[in-house]
Amino acid sequence: MSPFPDQAHSKRRDEAIGLLLMATAMLIIPSSDAIAKYLSGAHSPAFLSWVRYIAALGFILPVALIQRGRAPEPAHAPASRARYWLAQVVRTAFLVAAMTLYFVAIARIPLADALGAYFIAPIAATLLAAIALRERLDRQKLSAVVLGFVGAILVVRPGTETSADTLIALASGFCMACYLVLTRATAQGRSPVSTLTIQLVLGILMLMPFAVLQWTMPTREGLLLILLMGLVSTLSNLMTISAFRLASVATLSPLVYLELIGATALGFALFGDLPSPITWAGIAVIVAAGLIVATAPPGARR
C-alpha cells in the first residue's frame, strides 16, 4: 500500500481527467482541419493559420480578461519571467511551424501520406520528454506509442515513395513533438486560459507578415467557417494544455492517434466514406494503445 494514499488517489484522478481531456481534444480537432482543407482552395496555409489564431483569440480573450481581474497571475523574478517568455515564444514558434507545414503538405500530397509522416509526433514527443524532462519511459509507455503508430499506418497506409512534400509533413510532426514537450514543461506556470492567450497572441504576430503578403478576402461563408474553426481550435487547445497540467507526455502522447478516429468519423458523417476493413483494424489498434495507457497502474505512469 502506498504511504500516501491520498496523494496516489489524487494522482490517479488527475491522470484520468487529463486522459479524458486529451482524448476529447483529439477527437474534435479534425473538424477544424477539415474546414482548413475546404478553405485551402481559396486561401494560403499561412493566411488560414493566421485567421484561425485571430478567431480563437476572439473567443478566449474575454475569458482571459475576466479571469485576470478575479485572480491576477503571480509575479515572478525578472530572470524567471525572462525564461518563461522565452519558452513561450519557442513553444509557439514550434506550433506555428507545425500547423503551417502541415497545411502546406496536405495541399500538395494525399492526406494519407501527410498524416502518415505527421504521426511521428507522439513517438518523438515521448522520447524527447524522456531526455529533456527526464520523464520515466517504461516498456508499457513505449509499447503503447509504437502500437499507436502501427495503427496509424494501418489507417492512413502512406505510399512507399518519399518526396520532399512528405518530408515537409515529417518536419511538421517533429515540430508538433517539440510543442507537446514544451507545453508539458511550461503548463504549470500559468492557467490554461492565460497560456492559450499568450500562445495565440504570439502566433498572430509571427504569422502576420506572411498573412499580409498572401492576403485574400474571405466570403461570408468563409468568415463563418473561420469562426467555427477558431472555436474548435480554442476548445481543443484549452483541453490539451489542461491535460498536460495533469499528466505526463508519455501518458498522453499515444492519444494523439485518436485524431485519426475523429477524422474517420467526420469523413463518414460528411461524405459517406465507409472505412475499409484495414482501416477498422487500425482504429482498433489505436484504441488498444490508448487503453494500455489508460489502464496502466499508477506506478507505471509516473
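The preceding data block contains the structure.
Residues numbered from 1 in each chain as written. Predicted model: local features only at pLDDT ≥ 70, side-chain atom pairs only at ≥ 80, totals over all residues. Heavy atoms only, no water.

A.B. asks: Could you give an account of the packing of aromatic side chains, naming the residues involved and the relevant values?
C.D. replies: Applying the stated criterion to the full structure yields four aromatic pairs. A ring pair is formed by Phe 47 and Trp 50, whose centres lie 6.3 Å apart and whose planes are at 50°; its orientation type is tilted. Residue Phe 47 and its partner Trp 50 are both found in helix H2 (residues 45-70); the two are separated by three residues, about one turn of the helix. Neither Phe 47 nor Trp 50 differs from the other in exposure class; each is buried. Between Phe 47 and Trp 215 the ring centres are 5.3 Å apart and the planes differ by 85°, which places this aromatic pair in the edge-to-face class. On the criterion of sequence distance, the pair formed by Phe 47 in helix H2 and Trp 215 in the loop between helix H8 (192-213) and helix H9 (220-246) is long-range, its members being 168 residues apart. (Phe/Tyr/Trp six-rings, centres within 6.5 Å; stacked < 30°, edge-to-face > 60°. Helix = DSSP H or I, 4+ residues; strand = E, 2+ residues; numbered from the N terminus. Buried < 20%, exposed > 50% of the residue type's maximum accessible area, 1.4 Å probe, protein only.)

A.B. asks: For the environment of Ser 194, give the residues involved together with the corresponding values.
C.D. replies: Mapped onto the elements of the fold, Ser 194 is located in helix H8. On the basis of relative accessible area, Ser 194 is assigned to the buried category, the value being 11%. As for Ser 194 and Leu 65, which are separated by 129 residues in sequence, their C-alpha atoms are 9.1 Å apart.

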